Amino acid sequence: FILKSQGAIRLRSPLLRPRDTIDVRSALNEPVEVLDTRGSALLIHEDLTVNFARAISRGGVSANNVKRFDIDNVYYSSDAGGHPKAILEASFDIIQDDSTAKPELLEAESILSLCRIMSLLKPKHDKVIELPPIILKPPIWFLRLTHTRLSDSILDLLFVPKSETARLSCLNILTSCTACPPSELLNRRSKMKQNRKKKDARANDLLLLDRLIDSANLPKKSSHRLRQFLLHGSLPYPVDANKALDTIYDSARKIHSTDINSSKFPENIKLLSKRCFDAISRCINQVRLLLKSIDSMGVVTSASRRNMAQHIQNFSSPSYICIDLGLRQKRRHYDGQLFYQCIFLRNNFFDDAINGPDSITNALSNGVRLAEGGRYDNLVRAFRPPGNFGSINMRTYTRAPIPFCVGVRFMVGKMIDCLYYDAFQHDEVQLGKKRPGQSFLDCIRQNVGLPFLDRATYVNCIITSENGFDLSTFSERAAVASLLWSAGIPAEYQPQSSVMMTLLKHFSTEHIKSGPAAHEWSTDMICGICSIMNIPYVVIVSSHLLESKGAVKLRQTTLVTALGPSFNYAGGEEVVPLSSLVSILSERLNRKDHRENSTDIVRDRSFQSASCDDSNPPIPTQNTIDIECIYVSEDQYFDSEQKVSNAQWKSVKKIMKSSVQRMKCHLGDLFNGSSVPVVAIDLTYQKLREIGNSLIFNGLGSLLGDITTKYPEHKKLLRTLMYAVDGLIRKEFHNEKDSCLLLYSIPDDKFDLITFST
């Protein structure tokens, strides 16, 4: 939905492509090779970008304007042989061939989509990490960003040889020494401590730099120029990306000025230095335009945000943007221009970073790479065939222009792992312990370790009997399930399926052995399991009821309350004819789906206040009030858990059921209907209760009688209260027999609901 809301359509990339010389081989995650019937070697896509880029390059003008997304498996060769490894990924691409378009806006849109998707990893607990003056709100991640042509131009300016080994060593040096680690956010908390440790940190950086340069085996001139370039600015570069670009520009300008003013270099070396410096300036300006475009779209990093008021709902901004000159993709699909990676950090990362090593390498080893993207114009250009192409005119040489190609890949499998990690954090979530604003059912679902239980429902109905999943009603339950399946309603009637057993797998083997078997489960146990598994309805099949009246019992498992979903303790089974079961379930499930979809749409919009429309009132929720009735007799009391199989329990159960239904109707009419007036009084709660009792039993005139005699110090207040209630009755309840209002005690902060005759 996020990518669709940005105007993207789902467009699958081809599965196979011919093996080509441009494919970069690596020892890890090699693409899978297959042979067709003619013996040609083909490659199965190892990501969702490369085959799509080939389709764009050979599709001509017709494929040069598209915004698409795709979610599919990608395949890598298995080290053990046999079937290849399959990994789920998602991709978002923007293709634009208009030469007047601004590519930095397309790149900023891809980063914006990354921020919106990262908000899906927001944990359910509202935890804020304060690193004054920086405030971090999970999910915590940072953006590694580079311009590959900028790095190449810097290496050319430093006279680094063109060999792949030398270039790779220099890129590793740039990453280790210049890339800003997340621990720098901790160092910003205290400038005094930072100044005290500045000399020690500088000495450690110099030792690291000397060791890395010596191990790179570079020429003497290249080593000297590289050391001179790195020692000009602070190591590592600042947290602010614009200041990091200023440092890079100043370092390159110093090297270039030395070359121009030196008499040792010939003119061709000076010309090369000038060309490299001009390329560096252009690339830095392109990155600055990208940062400006990102800021205009509302992507404000936590390092530059000073308060949580700038935080946008359903939007996760990076903690900071790290300018990493040594960042490269191994396959070189995103090459030649912008390339970035999303590095996700655990919530306890900064707790370990205080005593851990202060380097970007430590952050990358402890972080998780969830997405990467950038420009892949060069990849499309490499797949472009020579000759007459992209035109219907076959008599003259024509060509189609290379469009702007921007894309981002999401590692869906790693994102799901992060969701599971959050669900299993025992220090944040404990079984039986609720967080503020969380229902008990939500707490259980999260402790089960399935993060999608509150969103996805694969089965909408469970068919059972009054004795659980017994064998005597197996055929009747199968017949009811067949009826629901034919109507397109997902249902299940046997406990051996994955629907019911998934939850039980989370318990220990000893607990399963000691607990009851599946056929011994009671109806309440089955309804409780269905509530946890987000299965909304249970159909109870009774043999005699099905044979005599052709009907079954229908029970709703979950109630929607103000605090979230809750168990339906009261039960509330209703007898439904088998002929009407399909229509009733379909209507209620459609109403439930419509309500959930409306909630999702409102949640995804940042302007939630503008999404409410008086012309489209919300669908009222049935049975949204969870009531537990306790019946008190002379000898004992009865609740929902205390059940005795005798004649007295049957009559008590009938009284409790009717009492719950009457109370639901009363509260439903009270709170779901017209507004309930609240009268706030500056009196204690004890006096407020006496006033309420007097209104209920003696009427409105009693406020100037017994109550005034008992509390003469509040005579004026009671007279004013009588006038206020009288005016309220004339205004709100002039056509009603009874009046309901809430009395509020301001000193004690307590309410009293009263109902009196008007």
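Residues numbered from 1 in each chain as written. Predicted model: local features only at pLDDT ≥ 70, side-chain atom pairs only at ≥ 80, totals over all residues. Heavy atoms only, no water.

The next point concerns the overall build of the protein. Along the backbone of the protein there are 26 helices and 25 strands. Looking at the protein as a whole, 45% of its 758 residues are labelled buried. Summarising the internal contacts of the protein: among those between residues at least 6 apart in sequence, 71% fall at separations of at least 24. As displayed, the protein offers around 40000 Å² of accessible surface, 53% of which is attributable to carbon and sulfur atoms. (Helix = DSSP H or I, 4+ residues; strand = E, 2+ residues; numbered from the N terminus. Buried < 20%, exposed > 50% of the residue type's maximum accessible area, 1.4 Å probe, protein only. Contact = heavy atoms within 4.5 Å. Areas by Shrake-Rupley, 256 points an atom, 1.4 Å probe, with all protein chains shown as cover.)

On the basis of which strands lie adjacent, the open sheet formed by 3 strands has the order β2-β4-β3 and antiparallel pairing. Among the strands making up the open sheet, the edge pair consists of β2 (16-18) and β3 (32-35). The average undirected angle you get between the axes of adjacent strands in this sheet is 40°. (Pairing = 2+ DSSP bridges. Axes fitted to C-alpha atoms, helices over the stretch in contact; angles between N-to-C directions.)

Take the packing of aromatic side chains next. All chains considered together, the criterion is met by 7 aromatic pairs. Between F142 and Y320 the ring centres are 5.2 Å apart and the planes differ by 10°, which places this aromatic pair in the stacked class. Of this pair, F142 sits in strand β9 (residues 140-147) while Y320 is found in the loop between α11 (267-296) and β10 (321-323), placing the two residues 178 residues apart along the sequence. Residues F142 and Y320 agree in their burial class; the two are buried. Here R68 stacks its cationic end above the ring of F52, 3.9 Å away from the centre of that ring. (Phe/Tyr/Trp six-rings, centres within 6.5 Å; stacked < 30°, edge-to-face > 60°. Lys NZ or Arg CZ within 6 Å of the ring centre and 35° of its normal.)

This next bit is on the packing of helix α9 (residues 220-232) against helix α10 (residues 241-261). Two numbers describe how α9 lies on α10: the axes approach to 8 Å, and their chain directions differ by 135°. Relative to α10, α9 is oriented oblique. As α9 packs across α10, the resulting crossing turns out to be right-handed. Taken together, the residues of α10 that come into contact with α9 (itself represented by R225, Q228, F229 and H232) are I248, D250, S251, A252, K254, I255, T258 and D259. Counted by class, the contact of α9 with α10 contains 4 nonpolar, 4 polar and 4 charged residues. (Parallel < 35°, antiparallel > 145°, perpendicular 65-115°, else oblique. Left-handed = near helix turned anticlockwise from the far one by under 90°. Nonpolar A, V, L, I, M, F, W, Y, C, P; charged D, E, K, R; others polar.)

Time to look at the confidence of the model for the protein. Detailed conclusions should not be drawn from predicted coordinates in areas where pLDDT is low. Mean pLDDT over the protein stands at 78; residues scoring 70 or higher make up 72%. Below pLDDT 50 for its whole length, residues 505-515 participates in 4 contacts with residues either more than four positions away or in separate chains. (pLDDT = per-residue confidence, 0-100.)

What follows deals with helix α20 (residues 523-532). Of all 10 residues making up α20, 8 are buried, and the element is well covered by its neighbours. Among the residues making up α20, those that are buried are T523, I526, C527, G528, I529, C530, S531 and I532. A positive phi of about 60° marks N534, the residue just after α20.

Let us now look at the packing of helix α4 (residues 148-157) against helix α5 (residues 164-178). Contact geometry of α4 with α5 gives a least axis separation of 11 Å together with a crossing angle of 110°. It follows that α4 is roughly perpendicular to α5 by the angle criterion. Only R167, C170, L171 and L174 of α5 make contact with α4, whose side of the interface consists of S151, D152, L155 and D156. Residue classes in the contact of α4 with α5 are distributed as 4 nonpolar, 1 polar and 3 charged.

Let us look at the pairing of strand β6 (residues 85-96). Here strand β5 (residues 66-76) pairs with β6 via 11 bridges, running antiparallel. Looking across to β6, one finds that V74 is bridged to I87. Relative to strand β13 (residues 404-411), β6 runs antiparallel, the two being bridged by 8 bridges. Along β13, the bridge assignment pairs I95 with C405.

This part covers the environment of S257. Looking at the element boundaries, S257 is found in helix α10. Of the residues examined, S257 reaches a relative accessible area of 31% and is grouped as partly exposed. C-alpha of S257 to C-alpha of K274: the two residues are 17 residues apart in sequence and 9.3 Å apart in space.

Our focus in this paragraph is the pattern of salt bridges. Evaluated as defined, the whole model comprises 29 salt bridges. In this structure, D70 engages R10 in a salt bridge whose closest nitrogen and oxygen atoms are separated by 3.6 Å. Highlighted residues: D70 in strand β5 and R10 in strand β1 (residues 9-10), separated in sequence by 60 residues. The class of D70 is buried, set by a relative accessible area of 1%. E466 is the salt-bridge partner of K553, the closest N and O atoms lying 3.1 Å from each other. One end of the pair, K553, is in strand β17 (residues 551-556); the other, E466, is in the loop between β14 (461-465) and α17 (474-486), and 87 residues separate them in sequence. We classify E466 as partly exposed; its relative accessible area is 39%. Via salt bridges that share partners, R10, R12, R68, D70, D72 and D93 belong to a single interconnected network. (Salt bridge = Lys/Arg side-chain N within 4 Å of Asp/Glu carboxyl O.)

Next up on the list: the pairing of β13. Burial within β13 is extensive, with 8 of its 8 residues counted as buried. The side-chain alternation of β13 yields two buried faces, one formed by F404, V406, V408 and F410 and the other by C405, G407, R409 and M411.

As for its placement among the helices and strands, S316 is situated in the loop between α11 and β10. Side-chain polar atoms of S316 contact the side chain of W141, separated by 3.0 Å. For S316, the contacting residues outside a window of four places in its chain are C115, M118, S119, P139 and W141. (Polar contact = N/O pair within 3.5 Å; in protein donor to acceptor, adjacent residues only side chain to side chain.)

Quick look at α17 now. Taking 1.5 Å as the rise per residue, α17 with 13 residues should run 18 Å; its terminal C-alpha atoms sit 18 Å apart, in good agreement. Taken together, the buried positions of α17 are occupied by E476, R477, V480, A481 and L484. Considered in projection along α17, the buried side chains sweep an arc of 135° and stay on one side of the axis. Projecting away from the buried face of α17 at angles above 90 degrees are the exposed residues S475 and S486. (Expected span 1.5 Å × (residues − 1). Arc of directions from axis to C-beta.)

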